[in-house]
Amino acid sequence: MSGSAVTAIPVQPGTESRGGIVSWGRPPADLHWWAGALLSVGCTVAVCLALGRDSLALAARSAPVDPAFWLAFVACYLISPICEFTIFRRLWKLPPLGLAALVRKQVTNELVFGYSGEAQFYLWARRHAKLSTSPFGAVKDVAMLSAIAGNLATLVLMAVNWPIVAPFVVGPLGRTFAISAGLIASASMTMFLLRRRLFSLPAKDLWTITAVHAARIAGSLLLLGMLWHLLLPELRLDGLLVLATLRLMLSRLPFLPAKEVVFAGLVAALLGRGAAVVPAIALIGSLVIATHVVVAICSAAAALAKKVAEA
């Protein structure tokens, strides 16, 4: 109708106008940042709750001065993110900054609940990895192969240590041991049978990732055993193997936060709080959690400072 006025509808940022129809475009980048920030804050809170005053006092009071212990501790703490950085560097040409993101992923997985770190890393990768496709498939495949490798390593150690632990795993504990073994085996078998539907990466990449995960697990156990041996030189090899088996079994529980603290409690329950190995495990657990605290706080502070600088 002539003479009528047409009022233009302003298009807000983050929307597109096509043929007079306003449609929403991609979510703003800030949404990804805030989602990652919330995970970081949740991680920091969980870490602080898990640490507690007693653990901090224990770590400060009993920390050894042997340089070999601290070298092994740093290597044990960083071996997982370094191995995953090797994987994603091969898949994505991941920049060196990705190593810091993978350290944060480890903290979130260990102190909040399993695989929450994968969500945090996925959000980071979408913003920083500069990929032409979504990183979801690769993150999913790497996480599932890590679970399969960990499950197989746990089953092998359980079988190797069965003659040692059989006299102790009777009654309810024996049933728990058998149920754990069954669940671990069935989960791995299910993922193997559905591998064509579950995995999205080429077979060559999947085998390479599995090999890196196997090396990571072996290296982690060797370094952890070295830490225990440096604190308790009298601890025999069979005792180290039993402890490694229990630690791996706990690592297979995805929704269990503060696994180091739970591990120390489990050993104390099985062996008694007077056992010499209990303080050593509690010390290492406290040091790991304290390191998580430092990483989480530094990460949150760095992210906030960067956000303020960009504003």
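Whatever comes next refers back to the structure up there.
Reading the values: the criteria
Residues numbered from 1 in each chain as written. Predicted model: local features only at pLDDT ≥ 70, side-chain atom pairs only at ≥ 80, totals over all residues. Heavy atoms only, no water. Helix = DSSP H or I, 4+ residues; strand = E, 2+ residues; numbered from the N terminus. Contact = heavy atoms within 4.5 Å. Areas by Shrake-Rupley, 256 points an atom, 1.4 Å probe, with all protein chains shown as cover. Patch = residues over 30% accessible without salt bridge, like charges linked within 9 Å, V, L, I, M, F, W, Y side chains within 5 Å. Salt bridge = Lys/Arg side-chain N within 4 Å of Asp/Glu carboxyl O. Axes fitted to C-alpha atoms, helices over the stretch in contact; angles between N-to-C directions. Parallel < 35°, antiparallel > 145°, perpendicular 65-115°, else oblique. Nonpolar A, V, L, I, M, F, W, Y, C, P; charged D, E, K, R; others polar. Expected span 1.5 Å × (residues − 1). Buried < 20%, exposed > 50% of the residue type's maximum accessible area, 1.4 Å probe, protein only. Core = buried A, V, L, I, M, F, W, Y, C linked by side-chain atoms within 4.5 Å.

(A) Expanded view of the overall build of the protein. Along its length, the protein carries 11 helices and two strands. Counting from the amino terminus, helix and strand elements in the protein follow one another as β-β-α-α-α-α-α-α-α-α-α-α-α. Put simply, of all contacts in the protein between residues at least 6 apart along the chain, 71% involve residues at least 24 apart. In the form shown here, the protein has an accessible surface area of approximately 17500 Å², with 71% of it arising from carbon and sulfur atoms.

(B) Focus on a nonpolar patch on the surface. Taken together, the side chains of Val74, Leu78, Ile82 and Leu99 present a nonpolar region at the surface, about 280 Å² in accessible area. Tallying contributions element by element places helix H2 (residues 67–92) first for the nonpolar patch, with three residues. Examined against the element boundaries, Ile82 turns out to sit in helix H2.

(C) Expanded view of the pattern of salt bridges. Evaluation of the coordinates by the stated rule reveals four salt bridges. Between Arg90 and Asp205 there is a salt bridge; the shortest N-O distance is 2.4 Å. With Arg90 in helix H2 and Asp205 in helix H8 (residues 203–231), this residue pair connects regions lying 115 residues apart in the sequence. Look at the salt bridges and you will find they share partners, linking Glu84, Lys105 and Glu118 into a network.

(D) Looking closely at the packing of H2 against H8. Close contact between H2 and H8 brings their axes to 9 Å; oriented N to C, the two are set at 175°. With respect to H8, the element H2 is oriented roughly antiparallel. Looking at side-chain class alone, the contact of H2 with H8 contains 18 nonpolar, five polar and five charged residues.

(E) Expanded view of the environment of His292. On the secondary structure map, His292 appears in helix H11 (residues 277–310). Considering only alpha carbons, one finds His292 and Thr108, 184 residues apart in sequence, at a separation of 8.8 Å.

(F) Inspection of helix H3 (residues 97–111) at higher detail. Here H3 is 15 residues long and its end C-alpha atoms lie 22 Å apart, about the 21 Å a rise of 1.5 Å per residue gives. The complete set of buried residues in H3 reads Gly98, Ala101, Leu102, Val103, Lys105, Gln106, Val107, Thr108, Asn109 and Leu111.

(G) The nonpolar core, seen in detail. Core analysis: the biggest nonpolar cluster contains 62 residues, and Phe88, Trp92, Leu94 and Phe121 have the highest contact counts within it. Of the residues forming this core, the biggest block, 11 residues, is contributed by H2. Residues in contact with Phe121, not counting those within four places in the same chain, are Phe88, Trp92, Leu94, Ala101, Leu102, Lys105 and Val139. Residues Ala153, Leu157, Ile217 and Leu248 belong to the second largest nonpolar core, which totals six residues.

(H) Highlighting unusual backbone geometry. With a phi close to 60°, Lys93 is a non-glycine residue in the positive phi region. Assignment of secondary structure puts Lys93 in the loop between H2 and H3. The class of Lys93 is exposed, set by a relative accessible area of 67%.

All we've got here are geometric facts, nothing functional implied.
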